[in-house]
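So you can see what is in the structure, the chains are spelled out below.
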Amino acid sequence: MSLINIKINGKDVQVEAGKTILQAAKQIGIEIPTLCYMNLHDLNIEHNPGGCRICVVEVAGRRNLAPACVTKVTEGMEVKTHTMRVLNARKTVMELILSDHPFECLTCAKNGTCDLQKLAQDLGVREIHYQGEQTTYKEDNSPSIIRDMDKCIMCRRCETMCNDVQTCGVLNGINRGFYSVVATAFEQDIIKSPCTFCGQCVAVCPTGALTERDYTNRVIRALADPEKTVIVQTAPAVRVALGEEFGMEPGTIVTGKMVSALRKIGFDKVYDTDFTADLTIMEEGTELLGRLTKFLNGDKDVKLPLLTSCCPAWVNFLEYQFPEMKDIPSTAKSPQQMFGAVAKTYIAEKLGVSRENLVVVSIMPCLAKKYEAQREEFSVDGNPDVDFALSTRELAHLIKQSIGDIKDLEDEDFDKLMGQSTGAAVIFGNTGGVIEAACRTAYEIYTKKKLEKVEFEQLRGLEGVRSAVVDFDGLKLNLGIAHGLGNARKLLEQIKSGEANFHAIEIMACPGGCIGGGGQPLHHGDSSIIKARAAAIYREDEGKAIRKSHENPEIITLYEEFLGQPMSEKAHELLHTEYFDKKKIIYIEK
Amino acid sequence: MSSIHIKLKENDCKAINDICQSFNNEPGELINVLHKTQEHFGYLPAEVQEVIAQNLNISIAKVYGVVTFYSFFTMSPKGQFPISICTGTACYVRGAEKVLDEMKKELKINVGETTADGKFSLSCLRCVGACGLAPVVMIGDKTFGRVAPEDVKKILAEFSS
């Protein structure tokens, strides 16, 4: 690779040809402020439209200022990153961006975590010399995502996530000039679009233009209602990220403190979605073995590969984009919905409360879980199995407004009945985790032998599409893994064309899996945070006494007392579902 | 951009498919495809954009993005006599705005709309290359130069028979 010599702020730097000024400056520790730019390099995502002009720098011999994120270095280039001219220009650019931005900062959902706000502060903007016309778009409310486009600054990060990373094609820039904005096709409400509600657009939005639908107040109201028994479940990925909202290092495990906080807030029972992750493995693993046995016995109609079905955004993606494959995923409901279904029957009976008076709240790293909870098939006579799904961020808000902080709380344990879980359940939070958990159980059931080494290292990693062969005592299983919906699409196309030959595939919609979910604390494009969370998940697994789902004593009790066997009639009724063809119809008259 | 909903006939779909095919269903040819399709239908309703998106294997949102970016493309049918008022620099400084206001008043429509009887539609464009005749109004293929607001009634009357 050829090297190029340039000078930045008088300092000689050697950089690879093809690099930008921004990358060169970073190499020697000079930070140039950016706004529209986004770089998730571990996930191979770089977004540099050069649109906002915040990163301008002075280049000797060049008449105008150069945007550092898109200007490539050339031999002998002399760059100055913070001259008076540069600082003034950045401030002016910021003032112009703010000139049509609503001044609702104090009440905005992004207050305190807004990139725009932080940058205005960093640049020392104290006055806005330009007063412009303001746009007035209709707020778009869906069960998961709220779009308030008056706050859009056209950085177009959401478009990159939606189109390039997730390949959903929901969002695109429309119109021109002052009226340009990111919108859905024909500016329909997002609920009418093929949006999967993965929330990756929300996760990268630098302002309050895209936020989650906040159900915190409805939960508070339920907690205050003496008629209601309010129980809560927490997803695996929440416990390794929640601490970040309270200033802890990424990757800090706060399981015990989280349980303690939820109890202090007033939840009557604090249960664990990890418990139903174990339950998912029992059902999905049994289903996989059933299909495999049929296949090995020569049944040609058996649907393989089995696709995992825990991720609601992935399920939405399949229903919108690949409805012809709707018979392949496991019929097992997601852990959230299994929890809801068991809670409103088994737990309601145990606690002696009616279904109507039992409120099930879930804490999820995910925005699609909100939509999933509201699917009609997951309710009985209009009463949903899961009443409210809060994101990790919403839980942090709920804690802050009710008990303040979690730092000094003593660790506490989950409540009995649906609180015990295994290491297999915890790793559901990472890409590759569901399939690894399934292997731990399926191996022992299939081979009737004890699995000595529970870690399947070949299934781990951050590569977008992975495949591995797992040996079940002579039976070689071909397993596929994809995280990020764009990667899922690649795998599905391979299955469709007959090119790929897998027995089972795990798909998670978000890059990194649930730890990188759309409802997690904002990582602001720092992928080292996602890695730290992933490592914490595996640490939590290692620390568990039991690491295989079928050895969970509470799971064994649940089957003995209530469900019978995996895939029994009762299990089918409560724990399994079906998928629908939701391809958007084109108006054609036959 | 407002749109009316239509039901596409099978031969409408075939026409769109043929146009896309003539550009090898190449996503990079989207603008050319839209030009040809608008030439065929007179406008680009939502359903037409959906079929184009499907053929070129791109998102409908992207097609809509391009349609809304270029003022040449329209999602509502043009009138029998499409009126274009030049608001380029020369025409603008010589009073195109006042001519436009008069047109709006006479036809009782806004820019981008079509009269209820389908006769006239109103749009603005930037410079037709006849700055010497500023302000310029085009109705169909016919060009009118040095138009004053008080001429509007007379000009429209020419097409009203």
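Calculation notes
Residues numbered from 1 in each chain as written. Chains lettered and ligands numbered in written order. Predicted model: local features only at pLDDT ≥ 70, side-chain atom pairs only at ≥ 80, totals over all residues. Pairing = 2+ DSSP bridges. Helix = DSSP H or I, 4+ residues; strand = E, 2+ residues; numbered from the N terminus. Domains from an automatic or database assignment. Contact = placed C-beta atoms within 7 Å. Nonpolar A, V, L, I, M, F, W, Y, C, P; charged D, E, K, R; others polar. Axes fitted to C-alpha atoms, helices over the stretch in contact; angles between N-to-C directions. Parallel < 35°, antiparallel > 145°, perpendicular 65-115°, else oblique. Left-handed = near helix turned anticlockwise from the far one by under 90°.

*Asks:* Explain the sheet that holds strand β8 (residues 140–141) of chain A residue by residue, including any values.
*Replies:* To summarise the sheet geometry, strands pair through backbone hydrogen bonds and adopt either a parallel or an antiparallel arrangement. Residue and element names in this part refer to chain A. Here three strands make up an open sheet; going across it, the order is β8-β9-β12 and the pairing antiparallel. The sheet is open, and its two borders are formed by β8 and β12 (210–212), each paired with just one other strand. In this sheet, β12 lies alongside strand β9 (residues 145–147) in antiparallel orientation, the contact comprising three bridges. Note that in β12 the partner of Arg147 across the bridge is Leu210.

*Asks:* Mind laying out the domain arrangement of chain A, listing which residues take part and the relevant values?
*Replies:* All names here are of chain A. Domain parsing of chain A yields domain 1 (3–99), domain 2 (140–212), domain 3 (227–275 + 334–421) and domain 4 (282–332 + 422–551). The straight-line distance from the C-alpha centre of domain 3 to that of domain 4 is 24 Å. With 25 residues of domain 3 at the interface, the matching set in domain 4 holds 25 residues. Secondary-structure elements contributing two or more residues to the side of domain 3 that touches domain 4 are α11 (368–373) and α12 (392–402). Broken down by element, the residue count for the side of domain 3 that touches domain 4 peaks at four residues, all from α11. For the side of domain 3 that touches domain 4, a count of residues per class yields 14 nonpolar, five polar and six charged.

*Asks:* A description of the packing of helix α3 (residues 46–56) of chain B against helix α4 (residues 60–69) of chain B should follow, citing residues and the corresponding values.
*Replies:* Residues and elements named next belong to chain B. Here α3 crosses α4 at 120°, and the two axes come no closer than 8 Å. Taken together, the axis directions place α3 and α4 in an arrangement best described as oblique. Relative to α4, the crossing made by α3 is right-handed. Contacts between α3 and α4 involve Gln49, Glu50, Ile52 and Ala53 from the first element and Ile60, Val63, Tyr64 and Val67 from the second. Split into classes, the residues belonging to the contact of α3 with α4 amount to six nonpolar, one polar and one charged.

*Asks:* Just give me the short version of the sheet that holds strand β1 (residues 81–86) of chain B, but keep the residues and values in it.
*Replies:* Residue and element names in this part refer to chain B. Spatially, four strands are ordered β2-β1-β3-β4 in an open sheet, and the strand pairing comes out mixed. Every other strand in the sheet has two partners, leaving β2 (120–125) and β4 (142–144) as the edge strands with one partner each. Ignoring strand direction, the axes of neighbouring strands in this sheet form an average angle of 20°. In terms of strand pairing, strand β3 (residues 137–139) meets β4 through three bridges, oriented antiparallel.

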